[in-house]
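One-letter residues, chain by chain:
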Amino acid sequence: QVQLVESGGGLVQTGDSLRLSCGASGRTSRAYAVGWFRQAPGLEREFVSAITWSGETTAYADSVKGRFTISRDNAKNTIYLQMNSRKPEDTAVYFCAAAVTVLLPRSGYEYRYWGQGTQVTVSS
């Protein structure tokens, strides 16, 4: 079992930056990829970004490429999502998820463990 807790959400202005954190606990000794997903009201959950266990490989949705950066500190069991140049359409509940794999899945169905989510609101 891996437990995940997101933090860092809040209200920001358009163009501002925000960093989300995802703290992992439990059986973190196994290699696991971590993904960030988001869900806006009335919309389906969508992939945002993911990072492999080693941190060497990352993936981003086209909508956030160049604005968001994912990173991880395995010594602290924490994964970060730095969000710059925020837009109102980035408003959503952001979830982190873990998949016990050395690959880099983009589908939420491949992630077994999920956090409760953190609300991010970008005002125009």
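See above for the structure.
Residues numbered from 1 in each chain as written. Predicted model: local features only at pLDDT ≥ 70, side-chain atom pairs only at ≥ 80, totals over all residues. Heavy atoms only, no water.

J.: Mind showing me how you'd approach the overall build of the chain here?
T.: Regarding its fold elements, the chain presents 0 helices and 11 strands. For 124 residues, the compact-globule formula gives about 14 Å, and the C-alpha radius of gyration of the chain, at 13 Å, lands near that figure. Dimensions of the chain, computed from C-alpha atoms along their principal axes, come out at roughly 40 × 25 × 25 Å. For the chain, with 124 residues in total, the buried portion stands at 44%. Sequence separation of 24 or more characterises 59% of the internal contacts of the chain that already satisfy a separation of 6 or more. If you average the places of the 13 positive and of the 10 negative side-chain charges in the chain, the two averages end up 6 Å apart. (Helix = DSSP H or I, 4+ residues; strand = E, 2+ residues; numbered from the N terminus. Rg over C-alpha atoms; globule rule 2.2 N^0.38 Å. Buried < 20%, exposed > 50% of the residue type's maximum accessible area, 1.4 Å probe, protein only. Contact = heavy atoms within 4.5 Å. Lys, Arg positive; Asp, Glu negative; His and termini not counted. Charge placed at Lys NZ, Arg CZ, Asp CG, Glu CD.)

J.: Looking at this structure, how should I read the sheet that holds strand 7 (residues 68-73)?
T.: Backbone hydrogen bonds are what pair the strands of a sheet, in a parallel or an antiparallel way. Here we have 4 strands laid out as an open sheet, ordered 1-3-8-7, and antiparallel in their pairing. Of all strands in the sheet, those bounded by a partner on one side alone are strand 1 (2-7) and strand 7. The average undirected angle you get between the axes of adjacent strands in this sheet is 15 degrees. Here strand 3 (residues 18-26) runs beside strand 8 (residues 78-83); their pairing, made up of 6 bridges, is antiparallel. Along strand 8, the bridge assignment pairs Ser21 with Tyr80. (Pairing = 2+ DSSP bridges. Axes fitted to C-alpha atoms, helices over the stretch in contact; angles between N-to-C directions.)

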